[in-house]
Each structure stands twice: as C-alpha cells, then as structure tokens.
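For reference, the chains in residue letters:
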Amino acid sequence: MSDTDRPAPHALGRRIIREAMPAERERHALLRAAVEDERPEIAAWARRETAHVEGDVAVGLVLSPEESPVLDAIDAYAASHHLPGRSAVIREALARLLDIRLDSGPKRSA
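(A) Broad picture of helix 2 (residues 68-80). Spanning 13 residues, helix 2 covers 18 Å between terminal C-alpha atoms, matching the ideal 18 Å at 1.5 Å per step. Of the positions making up helix 2, those classed as buried are Ile 74, Asp 75, Ala 78 and Ala 79. On an axial view of helix 2, the arc spanned by its buried residues comes to 130°, and they lie on one face. The inward-facing, buried residues of helix 2 contact helix 3 (86-98). Just downstream of helix 2, His 82 is the residue with a positive phi angle, here 55°.

(B) Quick look at the environment of Leu 94. Counting through the fold element by element, Leu 94 comes out in helix 3. As a C-alpha pair, Leu 94 and Ala 43 span 51 residues in sequence and 9.6 Å in three-dimensional space.

(C) Quick look at the nonpolar core. Core analysis: the largest hydrophobic core is formed by five residues, namely Ile 74, Ala 78, Leu 83, Ala 88 and Val 89. Within the residue set of this core, elements represented by two or more residues are helix 2 and helix 3.

(D) A look at the pattern of salt bridges. As enumerated under the stated definition, the model contains six salt bridges in all. Between Arg 18 and Glu 24 there is a salt bridge, and its shortest N-O distance comes to 2.8 Å. Taking the relative accessible area as the measure of exposure, Glu 24 reaches 19% and is therefore buried. Across the salt bridge formed by Arg 39 and Glu 36, the nearest N and O atoms sit 3.2 Å from each other. You can see Arg 39 and its partner Glu 36 sitting in helix 1 (residues 22-50), three residues apart, about one turn around the helix. A relative accessible area of 46% means that Glu 36 is categorised as partly exposed. Residues participating in the shared-partner salt-bridge network are Glu 36, Arg 39 and Asp 99.

(E) Structural detail: the packing of helix 2 against helix 3. Where helix 2 contacts helix 3, the axes come no closer than 8 Å and their chain directions differ by 95°. One element, helix 2, and the other, helix 3, form an angle in the roughly perpendicular class. Counting all contacts with helix 2, which are made through Leu 71, Ile 74, Asp 75, Tyr 77 and Ala 78, the residues of helix 3 involved are Arg 86, Val 89, Ile 90 and Arg 96. Split into classes, the residues belonging to the contact of helix 2 with helix 3 amount to six nonpolar, no polar and three charged.

(F) The arrangement of unusual backbone geometry in detail. A positive phi angle is found at His 82, which is not glycine, with a value near 55°. Mapped onto the elements, His 82 comes out in the loop between helix 2 and helix 3. On the accessibility criterion, His 82 (72% relative accessible area) is exposed. A positive phi angle, close to 55°, is found at Asp 99, a residue other than glycine. Here Asp 99 is to be found in the segment after helix 3.

Here is what the cut-offs are and how they apply
Along each chain, numbering runs from 1 in the same order as the chain's sequence is written. Local features in this predicted model are restricted to residues of pLDDT 70 or higher, and side-chain atom pairs are both shown and tallied only at a pLDDT of 80 or more, whereas totals for entire chains, interfaces and linings draw on every residue. Hydrogen atoms and water are omitted, and side-chain values are computed over all heavy atoms in the structure. Numbering goes from the N terminus for both helices and strands, where a helix is a DSSP run of H or I of at least four residues and a strand is a run of E of at least two. Here the expected span of a helix is defined as 1.5 Å times the quantity of residues minus one. Buried, partly exposed and exposed residues are distinguished by accessible area as a fraction of the type maximum, computed with a 1.4 Å probe on protein chains only: under 20%, between the cut-offs, and over 50%, respectively. Of all possible arcs, the one meant is that of the directions from the helix axis to the C-beta atoms. Note on contacts: a residue pair qualifies if any of its non-hydrogen atoms lie within 4.5 Å across the two residues. For the purposes of this section, nonpolar cores are sets of buried Ala, Val, Leu, Ile, Met, Phe, Trp, Tyr and Cys residues that join through side-chain atoms within 4.5 Å. Whenever a carboxyl oxygen of Asp or Glu lies within 4 Å of a side-chain nitrogen of Lys or Arg, that contact is scored as a salt bridge. For helices, the fitted axis covers only the stretch in contact; all axes are lines through C-alpha atoms, and the angles between them, taken along N-to-C directions, range from 0 to 180 degrees. The scheme is simple: roughly parallel for angles under 35 degrees, roughly antiparallel for over 145, roughly perpendicular for 65 to 115, oblique for anything else. Under the scheme applied, nonpolar residues are Ala, Val, Leu, Ile, Met, Phe, Trp, Tyr, Cys and Pro; charged residues are Asp, Glu, Lys and Arg; polar residues are all the others, including Gly.

Quick look at the structure:
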C-alpha cells in the first residue's frame, strides 16, 4: 500500500481497546526504559550523521513479511490522524524519539 493509496478509515476495522495484562505492562515498561536510556545516544548519532546534509533526505525502511502488522499500524495511524501517508507517520515518530522539532506540517512524499 502506497502513501497515496490508503483504505478509507472505516475500512481499517475496529480497534479493540482493553487494559494490558500484567506481563504486557511489564514488557512495555522495560521497552520504554530501554528506549529512554538509548535516546540521548541515538539523538547524538542522528545529529552527527545529518550535520553535513543540506536539503531533504530520503530514509528507507525494510520490513520482513512477518512485520507487516507494523505497516498496518502505520497506515491506520496516518488515516486516523489525517496525515498524507506513511512517511509523515515515520517522520513524526522519529522526531519524537530524537526530540527534534519538525518544520511546520508533514512533508508529502514525491
């Protein structure tokens, strides 16, 4: 599914919202802590790598067939938040992860 060819929000299905089980809460807490611990290092690396770059930079993502639920989640988020597509979701997620302020509005992919 491309950034411009998304299903209508009603076609995405209904989201099941439930309280996380204790094991899930523990796993989620561990993941949040790991990401928080690594955030300064990742942000510093990203700033070093992009310090010399001028203009827009394309970033690729390769997922295995088993990881297709990631794409489904990205598409659902984009549709439910009226974003132009996957690239806008990834851009926002990375900006939040790296504590980087984005230019106004999500960019549309070419």
